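Listed below are the residues making up each chain.
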Amino acid sequence: MIKTERELADGRTIRYYDATPVVRVAADSRDLPVAHTSSQARFDPLLGEWVVVASHRQTRTFLPPADLCPLCPSTPDRATEIPETDYQIAVFDNRFPSLTLTHQDLPESVEGAPLAQLRDGFGKCEVVCFTSAHDSSFAQLEPTRVRLVVDVWAERSAELGEVDGIGQVFCFENAGADIGVTLAHPHGQIYAYPFVTPRVAKITSKVTAYRKAHDTNLFGDILAAERSARLRVIAANEEWTAFVPPFARWPYEVQLYPHRRVADLPELDDAQRDAFAQLYPDVLRRFARRFPAPMPYVAAWNQAPTPKSGVPRQDWWLHLQLFSIRRAADKLKYLAGSESGMNVFISDTTPEQVAAELREVR
């Protein structure tokens, strides 16, 4: 993998990743103001969780037509976020980030709310463009390109994880207008949070307690049970198993586990990366073909907290959570009263039936 860094017109960084040497010399010709953000993180003392306030994102680009896509390569007639006329994978600092690596001088708490701690929105938000082809998708990528994407995720996770003050690095993809994407071009994002997210913190506490009670790994025992029962496994190879979790919250949900424990993406070896590049597009194609139209989805990498976070990592098991809000060909799953109000999910499908359906998709 060859990495080339360049600067955009407003001072942000863009990184090109290529499998073979490519000369990258194009400059950003746009007249852009210097990138600036003033987000905050406010602490909810009732839930013990941070809420990021980033009101400047209201002005971000929203579903432009294909000929105005900012993630396509630049042309002589139109400059985009990517100055080059073609690329394999490009990663750039988000123009409308929720978090940024700058500090603000803020009071300790929100005005008039002394129990609501206040901190600046420290962190990093990056955009990952998987291909220069606007009308493609992750499911259509060749295994060699998927492998390159995995290498990029790992490289960015390692670099961001070394930044002082970063607690967790989150690589993810939102796909499909129904899921809320604002740009149709195949891309994902990377968030580097200044804290450990509620999901990862809660899982970490459960895994730690399980180790004390049973002297085994909770992730590993879940994976072993699914591989043994095979009721909910939809695809597998020598290094990975994709299964519908027996406690799935979403109408269509699949988790992908490596058979050998690693804590995060940088720890994946070549065999694991190559095998993932073979298996994951197969799973995505099942999502795309289950209904007449491809299912919208979120693909969320669950990595261990960063080494500098101070949170235990030794039992963490990297896995990918893939889920869709599509519950039928013409119906979406809305997070209504129980889900949104109390965070108690009511499932419209059964994991065993979903697994059987996805196994049948070709």
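To start, this report covers the structure provided alongside it. Small disclaimer: the values here were computed from a predicted structure and weren't measured. Residue positions are given per chain, counted from 1 along the sequence in the order it is written. This being a predicted model, a pLDDT of at least 70 is required before a residue's local features are given, and a value of 80 or more before pairs of side-chain atoms are given or counted; all residues contribute to the totals for chains, interfaces and linings. Note that the side-chain values use all heavy atoms of the structure and ignore hydrogens as well as water.

1. Some thoughts on the pattern of salt bridges
Where side chains of opposite charge bring their charged atoms close, a pairing between them can arise. The cut-off we apply is this: In the sections that follow, a salt bridge refers to a side-chain nitrogen of Lys or Arg positioned within 4 Å of a carboxyl oxygen of Asp or Glu. Here a strand is any run of E in DSSP of at least two residues, a helix any run of H or I of at least four, and the numbering for each starts at the N terminus. Remark: exposure states derive from per-residue accessible area (1.4 Å probe, protein chains only) relative to the maximum for the residue type, with buried under 20%, exposed over 50%, and partly exposed in between.
Within the structure shown, the criterion is met by 36 salt bridges. Here Glu84 makes a salt bridge to Arg24, at a shortest N to O gap of 3.8 Å. Taken as a pair, Glu84 in the loop between strand E4 (49–53) and strand E5 (89–93) and Arg24 in the loop between strand E2 (13–18) and strand E3 (40–44) lie far apart in primary sequence, 60 residues in all. Side by side, Glu84 and Arg24 carry an identical accessibility label, which is buried. A salt bridge links Glu126 to Arg156, with the shortest nitrogen-to-oxygen separation between them at 2.7 Å. Residue Glu126 is found in strand E8 (residues 124–129), and its partner Arg156 is found in helix H1 (residues 143–161); the two are separated by 30 residues along the sequence.

2. So, the side chain of His259
Inclusion rule: By the criterion applied in these results, polar contacts are pairs of N or O atoms within 3.5 Å in which, for protein atoms, one can donate a hydrogen and the other can accept it, and in which residues neighboring in sequence qualify only through two side-chain atoms.
Within the secondary structure, His259 is located in the loop between strand E13 (252–258) and helix H4 (270–289). Engagement of the side chain of His259 in a polar contact is seen with the side chain of Thr241, the distance being 2.7 Å.

3. Considerations on the layout of surface pockets
Note the threshold: Only protein atoms enter the 1 Å grid used here. Points where a 1.4 Å probe fits but cannot escape make up a cavity, open sets with protein on both sides within 12 Å along at least five of seven lines make up a pocket, and a residue lines them when an atom lies within 4 Å of a point. Grid points are joined across faces, edges and corners, and a volume is the space filled by probe spheres set on the points. Nonpolar residues are Ala, Val, Leu, Ile, Met, Phe, Trp, Tyr, Cys and Pro. Charged residues are Asp, Glu, Lys and Arg, and all others, Gly as well, are polar.
Of the pockets and cavities examined, the second largest pocket occupies roughly 460 Å³. Along the walls of the second largest pocket sit 26 residues, with Ser137, Ala175, Gly176, Pro294 and Tyr297 positioned nearest its centre. Grouping the constituent residues of the lining of the second largest pocket by class yields 16 nonpolar, seven polar and three charged.

4. Quick notes on the sheet that holds strand E1 (residues 2–7)
To keep things clear, this is the line we draw: Being paired, for any two strands, means DSSP has found at least two bridges between them. Whenever a helix is involved, its axis is fitted only over the stretch in contact; in every case the axis is a line through C-alpha atoms, and angles between N-to-C directions fall within 0 to 180 degrees.
The eleven strands lie next to each other as E1-E2-E5-E8-E10-E9-E14-E15-E13-E12-E11, forming an open sheet whose pairing is antiparallel. Looking at strand neighbours, the two that pair on one side only are E1 and strand E11 (233–236), the edges of this open sheet. Across this sheet, the average inter-strand angle for adjacent strands is 20 degrees, counted without regard to direction. Pairing between strand E12 (residues 240–243) and E13: four bridges, direction antiparallel.

5. Brief notes about H4
Here is the rule: To estimate how far a helix should extend, the number of its residues minus one is multiplied by 1.5 Å. By definition, a residue's bend is the angle between the axes fitted to the seven residues ending there and the seven starting there.
Compared with the 28 Å implied by 1.5 Å per residue over 20 residues, the 29 Å span of H4 between its first and last C-alpha is a close match. The largest bend along H4 measures about 25 degrees and falls at Ala277, with the proline Pro281 one to four residues further on. Of all the positions in H4, only Gln272, Arg273, Ala275, Phe276, Ala277, Leu279, Tyr280, Pro281, Val283, Leu284, Arg286 and Phe287 are classed as buried. With a side-chain oxygen lying 3.2 Å from the backbone nitrogen of Ala271, the N-terminal cap of H4 falls on Asp269.

6. Considerations on the packing of H1 against H4
Under the convention used in this document: Any angle that is under 35 degrees is reported as roughly parallel, and any over 145 degrees as roughly antiparallel; angles of 65 to 115 degrees are reported as roughly perpendicular and all others as oblique. Throughout, a crossing is termed right-handed when the near helix is turned clockwise from the far one, and left-handed when it is turned anticlockwise from it by less than a right angle. Here, residues are in contact when the closest pair of their heavy atoms is within 4.5 Å.
The geometry of H1 relative to H4 is characterised by a closest axis approach of 8 Å and an angle of 125 degrees between their N-to-C directions. As the angle between them shows, H1 and H4 are arranged oblique. Judged by the sense of rotation from one axis to the other, the crossing of H1 with H4 is right-handed. Taken together, the residues of H4 that come into contact with H1 (itself represented by Pro143, Val146, Arg147, Val150, Asp151, Trp153 and Ala154) are Asp270, Arg273, Asp274, Phe276, Ala277, Gln278 and Pro281.

7. Description of the nonpolar core
Selection rule: Nonpolar cores are built from buried Ala, Val, Leu, Ile, Met, Phe, Trp, Tyr and Cys residues. Side-chain atoms within 4.5 Å join them into one set.
Ranked by size, the top nonpolar core spans 54 residues in total, and within it Phe138, Trp153, Leu256, Phe276 and Tyr280 carry the most contacts. Sequence-distant contacts of Phe138, defined by excluding residues within four places in its chain, comprise Phe130, Val146, Val149, Trp153, Glu173, Tyr280, Leu284 and Tyr297. One finds Phe172, Phe195, Ile325 and Phe345 within the second-largest nonpolar core, a separate group that totals 14 residues.

8. Remarks on the side chain of Glu81
Note that Glu81 resides in the loop between E4 and E5. Classification of Glu81 by relative accessible area gives buried; the value is 5%. Here Arg12 takes part through its side chain, which lies 2.8 Å from a polar atom of the side chain of Glu81. Separated by 2.8 Å, the side chains of Glu81 and Arg30 make a polar contact. Among all residues touching Glu81, those that are not within four sequence positions of it are Leu8, Arg12, Ile14, Arg30, Pro70, Phe92 and Arg95.

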